Amino acid sequence: MNEILQELIAMVGRHARGRRTKTAIPRVTIGRSEIPTPPLPELCQPTTLFVLQGTKTVLIGDRTLAYGGGSYFVYAVETPATSQLIEASIARPYTAIAFAIDTELIAGLLIDHGAAFNGDSFVTSRVDDELLDAWRRMLRLLDKPAEIPVLAPLLEREIAFRLLQGPQGEKLRQLARADGRLSQIRRATAWIRAHYNEPIDVTQLAELSHMSNAAFHRHFKAATAMSPIQYQKQLRLLEARHLLIAKPGNAAQVAFTVGYESASQFSREYARQFGLPPARDAARLLAKGEALTLEID
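A brief report on the enclosed structure follows. (Residues numbered from 1 in each chain as written. Predicted model: local features only at pLDDT ≥ 70, side-chain atom pairs only at ≥ 80, totals over all residues. Heavy atoms only, no water.)

**With respect to the pairing of strand β8 (residues 79-87)**
Stage number 1. Looking at chain direction, strand β3 (residues 40-44) and β8 are connected through 5 bridges and run antiparallel. Following the sheet pairing, L40 is matched in β8 by S83.
Stage number 2. Relative to β8, strand β5 (residues 55-60) runs antiparallel, the two sharing 5 bridges. Paired with K56 across the two strands is L85, which belongs to β8. (Pairing = 2+ DSSP bridges. Helix = DSSP H or I, 4+ residues; strand = E, 2+ residues; numbered from the N terminus.)

Shown next, in the form of structure tokens:
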């Protein structure tokens, strides 16, 4: 396993262009950093993140994911999170591969194969030799771009199959099935994202998800590690931060734009989330030239 990991680390090092690089292989992004980072807010998309080297933590609601080299996690639902690179250096850069989930591909695999295991939704898993080897063959295509259109779809299918058979396969199964609980919860999270600045009616969200109120609360918490109200608040604060960076100005106006009725409450919750009041945080980010991201690292 170590030999394959080292080859993958070297391939990412050759092709990475900055902290995040979208590759020529569909749905595959590589990440590399030679320095640790402060906590960075983001909106995690349905993705598998595989850390090859370095250490990363991701705070989602009241749960913390801890990645070491050779571990991965399936993000099945779009979820606000705060990530931080803990170990990264010139000698041992943080290195990772992100694989965006194709739910139609997963659904097709489920016709012939079922998911093998079930487990905690917020625990990273160790990669096995078969999955690692499939990733090695996939990334080798970066050195042979003419082969990508033919071979990448085959390798993507193999990787998806091995993820489905692994310890996080149950999440993929639930995501791909129209009647799966994660698929149902995604309907609610999509509504909240589209209407983040409007009041939430939890009963309406439960009906949209085809669940009772009690079941909806339980499954929403299991999928996102937060309540619907907390989920909405995280989205509002992320959007507020983007607005303050894009158009510096009146923080109170931004508060009302993202759905807050009280500017003072907005300022308190913003400072609790990002460490500084809105105007000072925006000024700090603008002075450092830091870009905000809504994607997986």
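Still more ground to cover, so stick around.
**Some remarks on the sheet that holds strand β7 (residues 71-75)**
Stage number 1. Ordered by their spatial adjacency, 6 strands build an open sheet running β1-β2-β9-β4-β7-β10, and the pairing between neighbours is antiparallel. Only two strands of the sheet have a single neighbouring strand rather than two, namely β1 (20-22) and β10 (125-126).
Stage number 2. Taken together, the 5 bridges between strand β4 (residues 47-53) and β7 define a ladder with antiparallel strand orientation. Counterpart to T48 in the pairing with β7 is V74.

**Here we look at the side chain of T189**
Stage number 1. Of note, T189 is situated in helix α6 (residues 181-194).
Stage number 2. Exposure remark for T189: the relative accessible area of 0% places this residue in the buried category.
Stage number 3. With sequence-adjacent residues up to four places away left out, T189 is seen in contact with V77, E78, F220, T224 and Y231. (Buried < 20%, exposed > 50% of the residue type's maximum accessible area, 1.4 Å probe, protein only. Contact = heavy atoms within 4.5 Å.)

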